[in-house]
Amino acid sequence: MSCWDVVADYGLRSLGIGERLLPRDDFTICKQVVLIGSGMIWNVYFGALALVSGFFLATALAVGKASHNRLARKASEWFIFVFRGSPLFIQFFFAYFLFLSLKSVSPMFGAFSSAWLGALVVLFLNTAAYSGEIFYGALLSVPKGDVEAADAYGFSGWPRFRRIIWPTMLRLAWPAYTNEAIFLFHATTLVYFSGFPALQQRGDALYYANYFADKTFNPFVAYPILAGYFIVLTLLIIWLFGAINTRLNRHLPSERRARVRYRPNLMR
Amino acid sequence: MFSFCTDPSVLSTPEWFACYLTTGKLMLFYASFGTVLLLLAITAPVALAFGFAGASAARARFAPLSWLGRLYIAMVRGVPDIVFFLFFVIALDQGFEYLRHKIKCPDWTDPIRQGSDFIVCPAAKLPLSTSPQIWHEIYGFSLAVLTFSIVFGAFAANVLYGAMRAVPRAQIETAEAYGMSHRQTFWRILIPQMWVYALPGLSNLWMVLVKATPLLFLLGVEDIVYWARELGGAKTARFTDYPHGDWRVWFFLGLLVFYLCFTRLSEIALDRIMKRLTRGQATMGGEAQRKAV
């Protein structure tokens, strides 16, 4: 069986397409690379969707936390505190069992107890809280002069936020937000190790890596393959976010541009 | 525990909870909170030591040692920490057994890796299959502590390496001008000044460490997550060992609240330490404190 056959059989295994049975013996390097890569589909799915949807809630949370309205401020503060103050691992467990209990109340929640939706909701809320805190910090450091200039030009309300405050906030927050994105993708590996079951063994990359490590009792092959995939993914994120960073900073002289620096302080 | 628990009529009354919450199994659950605190108490200093060694190695003038330090610091970049957790637990276990095998059974000729098996001589097994259960648990826990220390040591090394570079260059140059050797400069000038710069990063690391403790469950230790899953759930859907349905959601709500309180308390304590340490420092924080008085 050549490696291309393996790709055809297992390339989309994590989505339930192709060979149903996972390999039970003869664990070739090719099989491990293909199956773990197939699992990466889920990591990218969870990470990308949670990041994009979380971005909007994060902006709302940042504005809420900085607002003068007591109700909006307290609500945002509590939301951010709950999701940043507790481990994501426990949040996954709690959410899974919560959805499971709700399922017995109303069948509407059936989809939530499977990973593709339930875990996505948790990751969405979680990343919104972490990014919201980053955006809030950036919102507070928007230069006063920028806002005053906007006032002088007759901007107010929504146009002022949309055209002046928000772009500056994004520009200031972007280096930290890049780190948040990297760690969000890393956090997606927790999904199938918390309560959420991998139906029909359709798991993510770590799920398959763990499967191989357990079967062969040899951690020195499967985990480095997984590490390689994640390093590539991390480099891709850094490249993409770096391009956006350049665009956000395009009006500034080059020495004043914020550089994206890796800081591992946003883990969950 | 309470005498009224022997009376079946309490089953329908609120007092039943007093009986339920003091059963032996629940006691094991409470004790596992101690496991978590013990892990934190051991891991924090050990990880700090690992981090210090890594950061010092990265600064070494001997190139291979410096590369080793930099590699250790770079290790946690790009790869999820949970991968390291799962990797190190097996890798360390096999490493220890391999070493003991080489020492204790030098005339053993069979290969250790036979297909999908890892076979060492019985005398090299860790812990020995004849040793009591408690040693198996202690060994599992120590492996978990070592794994945590290695991973968080890499984070700490990153923080300390940054802090060492944040110490003003003029300080080092002055020390060199006074004729101090490289070693003297390191221990007498660099290290004492480094901590103020390292503290924000280290307190962040502490919060991350607190929030990483539930991962103990993945390393096979019977921690709070394990017991919450065991006790809350029904053994089978219909015939349950426990007089209640699926209570796991409540158990995990409890854990959530526990962690929220824990991180909040740590935050308050770390804030106080930071205030205390910045007092009188020539930094913006110290200046703000001086003006406020």
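Residues numbered from 1 in each chain as written. Chains lettered and ligands numbered in written order. Predicted model: local features only at pLDDT ≥ 70, side-chain atom pairs only at ≥ 80, totals over all residues. Heavy atoms only, no water.

Quick notes on the overall build of chain A
Put simply, the rule reads: Numbered from the N terminus, helices here are DSSP runs of H or I no shorter than four residues, and strands are runs of E no shorter than two. Three exposure classes are used, based on accessible area relative to the maximum for each residue type with a 1.4 Å probe and protein chains only: buried under 20%, partly exposed in between, and exposed over 50%. Residues are treated as being in contact if the distance between any of their heavy atoms lies within 4.5 Å. Each accessible area is a Shrake-Rupley estimate made with a 1.4 Å probe; only the visible protein chains count as cover when residues are assessed. Residues counted as positive are Lys and Arg, residues counted as negative are Asp and Glu, and His and the chain ends are not counted. Where a charge lies is defined by one atom per residue type: Lys uses NZ, Arg uses CZ, Asp uses CG and Glu uses CD.
Along its length, chain A carries 9 helices and 0 strands. Beginning at the N terminus, the succession of helices and strands in chain A can be written as α-α-α-α-α-α-α-α-α. Reported as C-alpha extents along the three principal axes, the dimensions of chain A are approximately 70 × 50 × 25 Å. Every one of the 268 residues in chain A was classed for burial, and the buried ones make up 51%. Restricting the contact set of chain A to residue pairs at least 6 apart, pairs at least 24 apart contribute 75%. If you sum the accessible surface of chain A, you get close to 12700 Å²; carbon and sulfur atoms cover 64% of it. Where the 25 positive side-chain charges of chain A centre and where its 14 negative ones centre are 9 Å apart.

A word on the UniProt feature "domain: ABC transmembrane type-1" (unreviewed entry) in chain A
Put simply, the rule is: UniProt positions are given in the numbering used here, feature names are shortened, and annotations may be inferred rather than shown by experiment.
When the UniProt feature table is mapped to this numbering, "domain: ABC transmembrane type-1" (unreviewed entry) covers residues 40-242 of chain A. Here residues 40-242 of chain A is 80% helix and 0% strand, with 22 Å between the C-alpha atoms at its ends.

Brief notes about the UniProt feature "transmembrane region" (unreviewed entry) in chain A
According to UniProt, the feature "transmembrane region" (unreviewed entry) maps to residues 44-66, 78-99, 181-200 and 220-241 of chain A in the numbering used here. Each end of residues 44-66 of chain A is marked by a C-alpha atom, and these two atoms are 32 Å apart; helix forms 100% of the span and strand 0%.

Observations concerning the interface of chain A and chain B
The cut-off we apply is this: Here the buried area means the combined drop in accessible surface, using a 1.4 Å probe, for two parts upon being joined, counting both sides. What counts as a salt bridge is simple: a side-chain nitrogen of Lys or Arg found within 4 Å of a carboxyl oxygen of Asp or Glu. Here a polar contact is recorded for every N or O atom pair within 3.5 Å, except that within protein the pair must consist of a potential hydrogen donor and a potential acceptor, and residues adjacent in sequence are included only if both atoms are side-chain atoms.
On the chain B side, the residues contacting the 41 residues of chain A number 38 residues. Buried area between chain A and chain B, both sides added, is near 3800 Å², and the carbon and sulfur share of it is 77%. Inspection of the region where chain A meets chain B yields 0 salt bridges. Linking chain A to chain B there are 4 residue pairs in polar contact (both at pLDDT 80 or more). When residues of the side of chain A that touches chain B are traced back to their parent elements, those giving at least two are α3 (70-85), α4 (88-105), α8 (205-216) and α9 (219-248) of chain A.

So, the nonpolar core
To keep it simple, the criterion reads: Only buried residues count toward a nonpolar core, which is a set of Ala, Val, Leu, Ile, Met, Phe, Trp, Tyr and Cys residues joined through side-chain atoms within 4.5 Å.
Judged by nonpolar contacts, the single largest core of 151 residues is most densely connected at A:Phe135, B:Phe29, B:Phe148 and B:Phe152. Per element, the largest residue contribution to this core is 18 residues, and it comes from helix α5 (residues 133-166) of chain B. Setting aside chain neighbours within four positions, we find B:Phe152 in contact with B:Ala47, B:Phe85, B:Leu205, B:Val208, B:Leu209 and B:Ala212.

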